Amino acid sequence: RVLFRSKYYSENSDNISVGIANINSKTGKLSENKKKIIDALDLFTEKKANLVIFPEYCLSGYFREPEKECRVYMDKTCLDHLINWLDNIVRSYVNETLQYIVFNGLIKNRDDTGKFFNTSVVLDRTGNYFNKNRTYKKTFLPGFEKKYISSGINDTLVLKTAWGKFGFLTCYDICFPQPVQELVYIKKVDALIVNSAWRKQGKRQYRGLKIKENSYYKIQWNMILPSLAGQNQVWVMAANAVGQHSQEGLEYCGGSGIWAPSGINMLKGSDTEEELLILHNIDIVHEVEAERK
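Below, the structure is looked at part by part. (Residues numbered from 1 in each chain as written. Predicted model: local features only at pLDDT ≥ 70, side-chain atom pairs only at ≥ 80, totals over all residues. Heavy atoms only, no water.)

## Comments concerning the overall build of the protein
- When its secondary structure is counted, the protein shows 6 helices and 18 strands.
- Taken over C-alpha atoms, the radius of gyration comes to 18 Å for the protein, in line with the 19 Å a tight globule of 293 residues would show.
- With the C-alpha coordinates aligned to their principal axes, the bounding extent of the protein is approximately 55 × 50 × 40 Å.
- When the accessible area of the protein is evaluated, it comes to approximately 13,300 Å², of which 48% is carbon and sulfur surface.
- Distance from the positive charge centre (40 side chains) to the negative charge centre (33 side chains) of the protein: 5 Å. (Helix = DSSP H or I, 4+ residues; strand = E, 2+ residues; numbered from the N terminus. Rg over C-alpha atoms; globule rule 2.2 N^0.38 Å. Areas by Shrake-Rupley, 256 points an atom, 1.4 Å probe, with all protein chains shown as cover. Lys, Arg positive; Asp, Glu negative; His and termini not counted. Charge placed at Lys NZ, Arg CZ, Asp CG, Glu CD.)

## Things to note about the sheet that holds strand β8 (residues 158–161)
- Taking strand neighbours across the sheet as the criterion, the 6 strands line up as β8-β9-β10-β13-β16-β17 in an open arrangement whose pairing is mixed. Edge positions in the open sheet fall to β8 and β17 (265–268), since each of these has one partner strand only. Each neighbouring strand pair of the sheet contributes to a mean axis angle of 15°, computed without reference to strand direction.
- The pairing of strand β13 (residues 235–240) with strand β16 (residues 257–259) spans 3 bridges and is antiparallel. (Pairing = 2+ DSSP bridges. Axes fitted to C-alpha atoms, helices over the stretch in contact; angles between N-to-C directions.)

## Concerning the side chain of N22
- Along the chain, the position of N22 falls in strand β2 (residues 16–22).
- Judged by its relative accessible area of 0%, N22 falls in the buried class.
- A distance of 3.1 Å separates the side chain of N22 from the backbone oxygen of S270, its partner in a polar contact.
- Among the polar contacts listed, one links the side chain of N22 to the backbone oxygen of E273, at a separation of 3.1 Å. (Buried < 20%, exposed > 50% of the residue type's maximum accessible area, 1.4 Å probe, protein only. Polar contact = N/O pair within 3.5 Å; in protein donor to acceptor, adjacent residues only side chain to side chain.)

## What to know about the pattern of salt bridges
- All chains considered together, the criterion is met by 17 salt bridges.
- E56 is the partner of K138 in a salt bridge, and the nearest nitrogen-oxygen pair spans 2.9 Å. With a gap of 82 residues between them, K138 in the loop between β6 (135–137) and β7 (149–150) and E56 in the loop between β3 (51–53) and α2 (67–76) connect regions that are remote in the sequence.
- A residue is classified by how much of its surface remains accessible, and K138, at 0% relative accessible area, is buried.
- Each of E65, E67, R71 and K147 takes part in one network of salt bridges that share partners. (Salt bridge = Lys/Arg side-chain N within 4 Å of Asp/Glu carboxyl O.)

## Brief notes about the pairing of β2
- The buried fraction of β2 is high, at 7 of 7 residues.
- Here β2 shows a buried face lined by I16, V18, I20 and N22 and a second buried face lined by S17, G19 and A21.
- Summarising the sheet, β2 and strand β18 (residues 275–282) pair through 6 bridges and their orientation is antiparallel. Looking at the pairing, I20 lines up with L277 of β18.
- Inspection of the sheet shows β2 paired to β3 by 3 bridges, in the parallel sense. When the sheet's bridge partners are listed, G19 is paired in β3 with V52.
- With helix α1 (residues 30–46) bridging β2 and its parallel neighbour β3, the resulting β-α-β unit is right-handed. (Right-handed = clockwise from strand over helix to strand, strands pointing away.)

## Digging into the packing of aromatic side chains
- Under the counting rule described, the total for this entry stands at 13 aromatic pairs.
- With centroids separated by 4.2 Å and ring planes inclined at 10°, the aromatic side chains of F63 and Y148 adopt a geometry described as stacked. Of this pair, F63 sits in the loop between β3 and α2 while Y148 sits in the loop between β6 and β7, placing them 85 residues apart in sequence. Just as F63 is buried, Y148 falls in that class too.
- For the cation-ring pair, K137 lies above F117, with the distance from its terminal atom to the ring centre recorded as 5.5 Å. (Phe/Tyr/Trp six-rings, centres within 6.5 Å; stacked < 30°, edge-to-face > 60°. Lys NZ or Arg CZ within 6 Å of the ring centre and 35° of its normal.)

## Some words on the packing of helix α4 (residues 177–186) against helix α5 (residues 216–232)
- Across the interface, α4 lies against α5 with an axial gap of 11 Å and an inter-helix angle of 35°. Handedness of the α4/α5 crossing: right-handed. Contacts between α4 and α5 involve V180, V184 and Y185 on the former and, on the latter, L228, Q231 and N232.
- By residue class, the composition of the contact of α4 with α5 is 4 nonpolar, 2 polar and no charged. (Left-handed = near helix turned anticlockwise from the far one by under 90°. Contact = heavy atoms within 4.5 Å. Nonpolar A, V, L, I, M, F, W, Y, C, P; charged D, E, K, R; others polar.)

## Some remarks on the side chain of D190
- By the secondary structure assignment, D190 is in the loop between α4 and β10 (191–196).
- Here D190 sits buried without a salt bridge, and the closest side chain of opposite charge, R292, lies 5.8 Å off (N-O distance).
- Each residue touching D190, except ones within four places of it in the same chain, is listed here: G164, K165, V234, W235, I284, V285 and V288.

What follows is the structure in structure tokens.
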């Protein structure tokens, strides 16, 4: 059973409650991943979340070898091949309380049939979840991903809600200042939503100092997210995968959570176990204003 933790930012129920899924999605296990998502949505609905965020590749799982086999499977998991399932999710879960569900997955690049776009979509009552104004295509791609994914260069997504404006980044995007600056200082967002499948392993060695670090990427994750929040005085809400990659033996670093505009963490998920997290009644806009003042 997936663990569940919640906290209350305030007692004002007019403020937004945000659910974060710190879960593991397995490559080649679409049915299992769907069930895990539905189970999470059942709980988030019961606990009255208004916005729910899932990790990068939450339906398909991450890429793997052999490439040929992987491409066949990934093609079947494209979001635009799962429209009926997504429609059913909207009918079953989206309402006056749970207004937004953020998924991340694949959409086929029609201009390059050998590649996909890594795409975040917002499921809501508009029903326009594949409209270009309702999706974000990942910009910055790590080396292995470039075999499969086309960059969504110059793509941005800003979700305007009753609680504030939310901008979107995906995984590796958080390492680069330009898209953050555009969202914060030009688009004037109050919060950044991050979907990620960020792993722990990454080696750095400084022989002269006898320093060797085998979990460098985990250090980055734990360093960059509070820095994004504190340097830009915005909320950061990040859903990351956790646990083992289904085939390669690599581990995702988890650590999903919510950081205030001060950079201080409000709620953080496990780095080893699946967890569902909710921070209730967050005062998004006023906390941004207070921090900047």
